[in-house]
Every structure is written in structure tokens, then in C-alpha cells.
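Here is what each chain is made of, one letter per residue.
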Amino acid sequence: MKEAFINLKIIFGIDLILFFFCLSGIVQISEKAKLPFEISQSDNHIFITSSRNNHYNFLNKTELISVDGLPVTSTESVELITDLKNIGDKIQLRVIFDGKSELTEAVLTSFYSNWYIAEISFVSLLFFITAVFLLLRKPKEKSAHIFHWACIGIVCIIDLTWGNNNVDIIIPYSLSRFPFHIFYALTPFLFLHFTFVFPKDDSDKYKLFLRIVYVIAFAIGFAAYINYNSFTQSPDEKSLNRYLDFFNIIRLMLIVFVLLAVSNFILRFIREKEISSRKKLKWVLLGFVIGPLCFALLWALPILIWNESLISEELILLFICAVPITFAVAIVKYHLFDIDYILNRSIVYLIVIAILTILYISFLSLIVSNVSTQSTGIFSVISAVVIAIIFQPLKNKVQLYVDKKFFRVNYDFKRALNTLLSSIQNFYQIKPLADYLIDEIDKLMPLEKIGYCEYEKNSKKLKLIGSKNFNYLDNKSLFIKDETLRKEFFRIAADQKCVEPEAVVSFIHQKTLLRWNISVVVPIISPKGSLFGVLIIGKKKSGTKYSVEDIELLKAVAIQTAASVERIKLQEEIISEKLEAEKQIELNRQKSLFVSSVSHDLKTPITSIKLFAEKILEEEKNLSDKAFRNLKIINGESDRLTRLVNNILDYSKIEKGIQEYHFKKVSLNEITDKVISSMEYIFKINQFTIQKEIEAVADTIKADEDAIIEAIENVISNSLKFSDKNKTIIIKTYNHNGFVCLKISDFGKGINQQELGKIFEPYYRSQSYSATEGTGLGLAIVKHIVDAHFGKIEIKSKLNKGTDFEISFPLIHD
């Protein structure tokens, strides 16, 4: 820090020395002399075009051959020769007048007006102040240092330009020309160097190039200074032309470096992605176009080619004033004004003023050309007054049109509202809806920035999902407390300075809005109070406040958006549930397919096991009791496995809708006895007691015997599984209301009343007994078989007391 302070002291010391140089230069140019004629150049010939003094009766196009004995071939050579004289001095001229060469004298007059001297004094002071101010504000930034010297260079070019050689005020004239020539060569390159360090420093890549060019520019400037002194000390044609050649090289360098600087800035602007950097570059480009580029194209280049500028020095000075203003804003505070707004509005109003000016002149000319010469003055005054009266309202109307056309300051409220509300209803996703709102609202009331934040209910955070110029909020979220949701904030809230007093908004959280540079917050909230998101809006580009209409429009848009978001979220939930259901169905289908496939593969070995077990039991007469018992177990387990596999295969057919039943007249009592007999092994092995109450009742039904056997076996198997302490099962048949009924009762664990309606669902396993063996298909198959036989199945159960299954089939009377 101390080293930086010392450096600043050295820099400001140099500035002070150059300041005195420039004061001396202003005095010298105020005493600058010129011929009392207007002269122009054609090829290498100088012609007198007009005279300021009637004493000189030269005709236009009188050729000027020499001044003070030195041949002249350009207007600049004349200017340099007259710089050796004082105002009021007589100087010898050789002219070709009326075809004859004549020698005459002329009294020199003042080159610059007092107005011009005042103008350059003001411009110089502006540049000096800007140079010092920037260095004080940004002492550690390389761009500020480079621009500081560029500003000082421009001041030296303006104030130390060619002047009266005979005036030595504070600084000797010959010495004051040194900074003029050095800065004339270096300043354009300083601007080029500036383009490599602003807004980001990339100068390390071009370090060697920059050093070489600095050395070359300094050398050419120094050479021009030496040749200038050579001419002033010994004026002759050779030294004059040699100096002008060097000075034209400097002019050419100026043009080239300024064009390179502008081109480099344009390339950097195109490549730059950050909005802040792009805005800084726009400010600098604006300054370049108005200042250095105008100087190069409208002043230096025309003089280099035609020895005559396209615009006056006074005007070029005014253009150059844009440089310290725009560059300082870019370096210090680029967001002080909206550069896009300034550029667009400037272009539009320049066009409008130009059109109105043309109309004004045309109208005035038309009136004047149609009246007599004597009445011209009166009608000119009248027409001027009439046009002036018309001009103001016309200008206001054009301005209103321009604002509406280019910036949409005003809009048709009803039409805009209808368009927005009808369009919002057509969206089925939140992100496209957010992008649409951002674009459309920005079109209606052009904004500096606008964004849409979605509220995540689970995390209770607002997150930006779409924006224009709210990039600094990317990847950031704002936690919303429950109590905040109930506050006044969740109606439209606004920065008090940004809305008209009549607008009904909330003015709480002003510091928060100011900190995040937000002017209006529009909550997207349902009528029930559910927050879906918020629109965050910056200032208007037009600079105007938000009107009552603006707020009402935003309020209506928020209500419709909330309804659409609620609909979108509901649709997303329905779609999600549907997809989940479809996924579950597909999983079940795949599971069924897999189990069915495996079951088919199991059926063959089970059949073989059972076959060999039965064969051994039949053929072997001398089996031990233990071997006999084991074979009976194998045979019984094979039957049980067969039932499980059949269940799976049958349910697979049921799912596919291909299960077939072959109906015939059968006896339910006989089928029941057959099932009890076939399962005798299982009862015995599990130590169950079977109480048969098979009544001699009408029991003829029309049924598929195998299917009925399967249904009864599944119900009994279910009772076996859920009976652990009291191992008694009661099986009875009876008639009731035209049905023959089979009732199977156990004294097991029972079924929870809440689960009774679910036990017939495939793969359903009781939550209370999830560890129980089985596939979960048995009762589902029972239900399908009973339904297919037009029967009924009823269940009565109490926890830890047992369950009654009653199956009823319609009787057939023989």
C-alpha cells in the first residue's frame, strides 16, 4: 500500500509538470497567427478561396506559391511557416494572379477565436480531472493507469499543438513540443493497450508485442520532435517536408491503432458472456465511436489524404469529450446508467430530430419561396412561429410513439391482459410457462431484469428457474419460513421509489429488495394460500415508475399463473401415479411370467419324485416302518408341491384370461371326502384333528371337479398355515336357500378385520403374519373358481379365535 502511494505521488508529480506545459501551450496557441485568407489544397497546389479583408483583391483560385520565401505545397506547410511569426506581422507572399506571378504582403491575423480557446481549456480540464479521479478511485487497476496516461496524452495533444513559436510562457516553446509529439505517437497505442486489459487483463499474452510497439511509437514521436526543432531553428523547404513526412507517419499510426482498438473491443464484446463485462465494453465502445474513431475518420484520415478535415476543430473537441465520461463510467461504475437504454434512445431520437428538422426546413422554404421578396422577412417570422408551435406537440406525439414502439412504455391493458391470461392456460410444464411470462412481461414493459423463482415445498426454498439479467442469483436459493408465508409480504411487494403512490402494494422488506436490486416481487399463490413461486422484477428501462395498471396486470397474471401451476402440479401427480401403477402392473406381469416359467420346470421333477415314491410303496413288501413313513412323507410333500405349482400355473392362466373349466354334474360331499382322504397325510404329519360333519343332503352341483378340489384344498391349506396351538379343523356340508354349502372352520390366529377385504388379492400377504409360507395366490384362485361356478364365499374371523370359510354352490335338482 505504501509503495502504491509513493507511485501515485510520482505520477501526480509528472501530471503537475505536464499541467504547466499545457497552460503554456494554451497561451501559445492563443497567439497563433494565420494568413488573412481562406486557403484550400488541390493536389500539391494551394489556392486562395476567399479573403477576410477587402484590402486584398485576389480572385478565387489565386494560387499561393510561397510564404516568406519558402515554397508551399500543403495547407499544413503554410500553417507551420506562419507559426514562426506573430499576429499583426507582415509576411511576403508569392502568388499567381491572373496568369502572372506577383510578390505581395499580407498582415497575419489570429488563428483561433476566443471561443475555441475557452473550449479547449474546458476539454483539457475535463480530461485532467478524469485522469486524476480514476487513479484515485482505482489505484491498483492496470486499466485505470493506462487510461490515465491516455487522458493526459489527449490533453497534451490538444494544448501543445502547433502554436506561436515566439511565445515562451513558463516553459520554452521548443521544449513544450516534446510531450506533444511523444503523446501524439503514444496515445492511440495506449488506447489499443487499454483494450487488452479491460474489462479483464489479457495483456500477458501480448507483452512482447506491446513493448516493441511502445518503443517504435516513442522513437517515431521523438524523431518527429527532432525534425520539428530542426525546422524551427533553420526554416527551409527540406526540413519542412521532412518533418511533415514524420508527422504523417504518426497520423497513420493513430488511424491504424484506433481502428485496431475498436476492432479488438468488438471481438472481445462478441466473445464475452458475462453481462457486466458486456455492459462495460458497451460504454467503452460508445466512447470510442464518439471520440477517437470520429477523430481518426473525420479529422486525421481526411487531412492525411486531402489535407483538409471533414469537420471543424471545435466539433471534434466536443466529440472527444465523450471519452473521459464513457470510459470513467465503464471503469468505475458501469451500472450508473443503462447503456442499452441510452444507446437505443439516442439512436431513435437522433432519427426523429433529423426527420423533424428536415420537415421544418422544407416547410419554411416552401413558404418563403411562394411570397414576394418584400414580405419574406414577415412570412419567415410567421412561419417560424407556426412551425415552432406545431413542433412541440408533434415532437411529443412522435416521442410517445417511439416509446410505445421501441420501449413499450404504454400498452393496451385489456388486450395485453387477455392475451396473457389466455396463453398461460395452454402450458403443461412450469419451466416453459416461466420463460413465457419473462419474455411477454419484458415486451410489455421493457425491464432491466426479470426472473421466475419456483418454491420447493419440501425444502421451503425459492430457486431461480428462469431469468433475464438476474444471473447473480443463479445457483442461489432463499429459505422461506412458515411465518413469512403468513405475512403481508405475500401479496405484491415493491420498492417504494419504483411505484406510483396510487398503486396498492406492500412496502415491507425494503432493505432486502434494495440489496438484491429488485423493484417488484409478485407471488404466485393459490386461493388456498399455497405458494408456488414468485416473479422478481427490476426497474423499467424507460426509467418510469410502475403504474397502477402495471401492478393490476401483474396481479391478474399472478392469479392465472397460480391456477395454471396448480393444474400442472395436479396433472404431474396423476401422471406419476398412473406411471407407478403401470410400472406395478408390469412388474406383476413379469413376476407372473417368471414364476409360471419356473413352475413348469418344477412340475416334471415333482411328478417323477411322486411316481417313484408310489412305485416303491406298491412294489416293496418288506419296507421297514421308518422307510414306509419316509416314503409317505415324500409322497405327501410331492402332492403339496404339486398343489403349489398348480396354483401358480392356474393363476397364470387366470391372469391371461385362458383358464378353462369343464362343467359336469358332481357331488360336493364326494369331492369333499376325496380331498380329506388325499390330505390325510398332511393332517397326520402336522398333527391336526379333522372333524367331519358331512350331512346326507342334496349336494349335486354343476362344476369342474378338479377346480373344486383345488379350491377346497387351498382353503384347508390356509387353515393349516394359520393354526398353531389348537390344531382342530371342522369340515361340514349343509343346504341353505337353494345352495349346498361347505364350511371349513379353524381355531387359529384369525384375520384382522381391516385385512378381510384384501385376502383375495393375488400375492397379498398379511402384515401380521408376513413370515408365513406360501405364494399368496391360493385364496385368489379360490375366489376365481367360486365366481366361475356362480357360487359365493364368505369369511368370518376373530383374532386369535379362528376363521370360518363358507363356500356355497347352486344346487341342481335331478
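Refer to the structure printed above.
Residues numbered from 1 in each chain as written. Predicted model: local features only at pLDDT ≥ 70, side-chain atom pairs only at ≥ 80, totals over all residues. Heavy atoms only, no water.

Caption draft 1: Examining the overall build of the protein chain more closely. When helices and strands are counted, the protein chain shows 23 helices and 21 strands. With 814 residues in all, the protein chain has 45% of them scored as buried. Partitioning the intrachain contacts of the protein chain with sequence separation of at least 6 by distance along the chain shows that 69% fall at a separation of at least 24. For the protein chain, the accessible area works out to roughly 43,200 Å², and carbon and sulfur atoms hold 58% of it. (Helix = DSSP H or I, 4+ residues; strand = E, 2+ residues; numbered from the N terminus. Buried < 20%, exposed > 50% of the residue type's maximum accessible area, 1.4 Å probe, protein only. Contact = heavy atoms within 4.5 Å. Areas by Shrake-Rupley, 256 points an atom, 1.4 Å probe, with all protein chains shown as cover.)

Caption draft 2: Molecular detail of the packing of helix 5 (residues 173-197) against helix 6 (residues 207-233). For the pair helix 5 and helix 6, the least separation of the axes is 9 Å and the interaxial angle reads 155 degrees. Here helix 5 lies roughly antiparallel to helix 6, going by the angle between them. You can see that helix 5 and helix 6 cross each other, and the crossing is right-handed. Its residues assigned to classes, the contact of helix 5 with helix 6 shows 19 nonpolar, five polar and one charged. (Axes fitted to C-alpha atoms, helices over the stretch in contact; angles between N-to-C directions. Parallel < 35°, antiparallel > 145°, perpendicular 65-115°, else oblique. Left-handed = near helix turned anticlockwise from the far one by under 90°. Nonpolar A, V, L, I, M, F, W, Y, C, P; charged D, E, K, R; others polar.)

Caption draft 3: Region of the structure containing helix 23 (residues 778-788). Every buried residue belonging to helix 23 is among Gly778, Leu779, Ala780, Ile781, Val782, Ile785 and Val786, and all of these are buried. Just past helix 23, the residue Phe790 takes up positive phi, approximately 60 degrees.

Caption draft 4: Structural context of the nonpolar core. Ranked by size, the top nonpolar core spans 83 residues in total, and within it Leu64, Leu93 and Tyr243 carry the most contacts. Sort the elements by how many residues they give to this core and helix 5 lands first, with 14 residues. When sequence neighbours within four positions are dropped, the list of residues in contact with Leu64 reads Leu35, Ile46, Val72, Val78, Leu93, Arg94 and Val95. (Core = buried A, V, L, I, M, F, W, Y, C linked by side-chain atoms within 4.5 Å.)

Caption draft 5: Looking closely at the sheet that holds strand 10 (residues 461-468). Strand order in the open sheet formed by six strands is 11-10-9-14-13-12, with antiparallel pairing between adjacent strands. Strands with a single pairing partner mark the edges of an open sheet, and in this sheet they are strand 11 (477-479) and strand 12 (493-494). Sheet topology note: the strand 9 (residues 450-456)/strand 10 ladder contains seven bridges and is antiparallel. Its bridge partner being in strand 10, Cys453 is matched across the sheet by Leu464. (Pairing = 2+ DSSP bridges.)

Caption draft 6: Structural detail: the environment of Cys156. Within the secondary structure layout, Cys156 lies in helix 4 (residues 142-159). Relative accessible area serves as the criterion here: at 0%, Cys156 is assigned to the buried category. For the pair Cys156 and Phe19, spaced 137 residues apart in sequence, the C-alpha separation works out to 8.6 Å. For Cys156, the contacting residues outside a window of four places in its chain are Leu18, Cys22, Thr161, Pro179, Phe180 and Phe183.

Caption draft 7: Focus on the packing of helix 20 (residues 668-678) against helix 22 (residues 705-721). Packing of helix 20 against helix 22 leaves a shortest axis separation of 10 Å and a crossing angle of 55 degrees. Accordingly, the angle class assigned to the pair helix 20 and helix 22 is oblique. Helix 22 is crossed by helix 20, and the crossing has right-handed handedness. From helix 20, Leu668, Ile671, Thr672, Lys674, Val675 and Ser678 reach across to helix 22, where they touch Glu705, Ile708, Ile709, Ile712, Glu713 and Ile716. Along the lines of polarity and charge, the residues of the contact of helix 20 with helix 22 split into seven nonpolar, two polar and three charged.

Caption draft 8: How the structure looks around helix 6. Taking 1.5 Å of rise per residue, the 27 residues of helix 6 would be expected to cover 39 Å, and the 39 Å separating its terminal C-alpha atoms lies within 8% of that figure. Regarding helix 6, the residues found buried are Leu210, Val213, Ala217, Ile220, Gly221, Ala224, Tyr225, Asn227, Tyr228, Asn229, Phe231 and Thr232. Where helix 6 is buried, its residues meet strand 5 (70-71), helix 2 (75-82), helix 5 and helix 7 (237-271). (Expected span 1.5 Å × (residues − 1).)

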